[in-house]
Amino acid sequence: MAWRGCCCSSLGHLNEDNARFLLLAALIVLYMLCGAAVFSAIELPTEREAKEKWEERFVNFSQRHNLSRAELQDFLREYQEASVAGIRVDDIRPRWDFTGAFYFVGTVVSTIGDVYTYQ
């Protein structure tokens, strides 16, 4: 009995609310693990196939235009950085004109409103 009392005092008592919370947390983690397994099984083969096609196109392009792999990779990396920064290759409207900025502000305001609604 003395051992049990010592152990319970250091761990605390697991009441019904705490047990429900732990069970819910365990079920959520299990649900997430199952979801990850399903998405991985569905999407991974497609991703691998797309990567193989990309590698083939990459090699063909670099050979056709007499570019080294390193030069082409550097160029594509710079293009990706420019794209992430918002620079567009085509001549469509700028991303941050008034309409784009208004859309962004509307998205932020509606998202912030949702956060405060649930608290």
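Up top is the structure.
Owing to the predicted nature of the structure, the values given are computational and were not obtained by experimental measurement. (Residues numbered from 1 in each chain as written. Predicted model: local features only at pLDDT ≥ 70, side-chain atom pairs only at ≥ 80, totals over all residues. Heavy atoms only, no water.)

### Description of the side chain of serine 62
Spelled out, the test is: The way it works is that DSSP assigns letters per residue, a run of H or I at least four long becomes a helix, a run of E at least two long becomes a strand, and they are numbered from the N terminus. Any two residues whose heavy atoms approach within 4.5 Å are treated as being in contact.
Within the fold, serine 62 resides in helix 2 (residues 16-64). Among all residues touching serine 62, those that are not within four sequence positions of it are Leu67 and Leu72.

### Some points on the packing of helix 2 against helix 3 (residues 69-84)
To be explicit about the condition: Lines fitted to the C-alpha atoms define the axes, with helices restricted to the stretch that makes contact. Angles between their N-to-C directions range from 0 to 180 degrees. An angle below 35 degrees is read as roughly parallel, one above 145 as roughly antiparallel, one from 65 to 115 as roughly perpendicular, and any other as oblique. We call a crossing left-handed when the near helix sits turned anticlockwise from the far one by less than a right angle, and right-handed when that turn is clockwise.
Across the interface, helix 2 lies against helix 3 with an axial gap of 10 Å and an inter-helix angle of 115 degrees. Here helix 2 lies roughly perpendicular to helix 3, going by the angle between them. Here helix 2 and helix 3 pass one another in a crossing that is right-handed. Within the contact between the two elements, helix 2 uses Trp54, Glu55, Phe58, Val59, Phe61 and Ser62 and helix 3 uses Arg69, Leu72, Gln73 and Leu76.

### Comments concerning helix 2
Selection rule: Here, expected helix span is obtained from the residue count minus one, scaled by 1.5 Å. Note on bend: the value at a residue is the angle between axes fitted to the seven residues ending there and to the seven starting there. Counting of polar contacts relies on pairs of N or O atoms within 3.5 Å, with two restrictions inside protein: one atom must be capable of donating a hydrogen and the other of accepting it, and residues adjacent in sequence are counted only when both atoms are side-chain atoms.
For helix 2, spanning 49 residues, the distance from its first C-alpha to its last is 69 Å, which sits close to the expected 72 Å at 1.5 Å a residue. The sharpest bend along helix 2 reaches about 35 degrees and sits at glutamate 43, with the proline proline 45 one to four residues further on. The N-cap residue of helix 2 is asparagine 15: its side-chain oxygen and the backbone nitrogen of aspartate 17 are 3.2 Å apart. A positive backbone phi angle near 55 degrees is found at asparagine 66, which sits one or two residues after helix 2.

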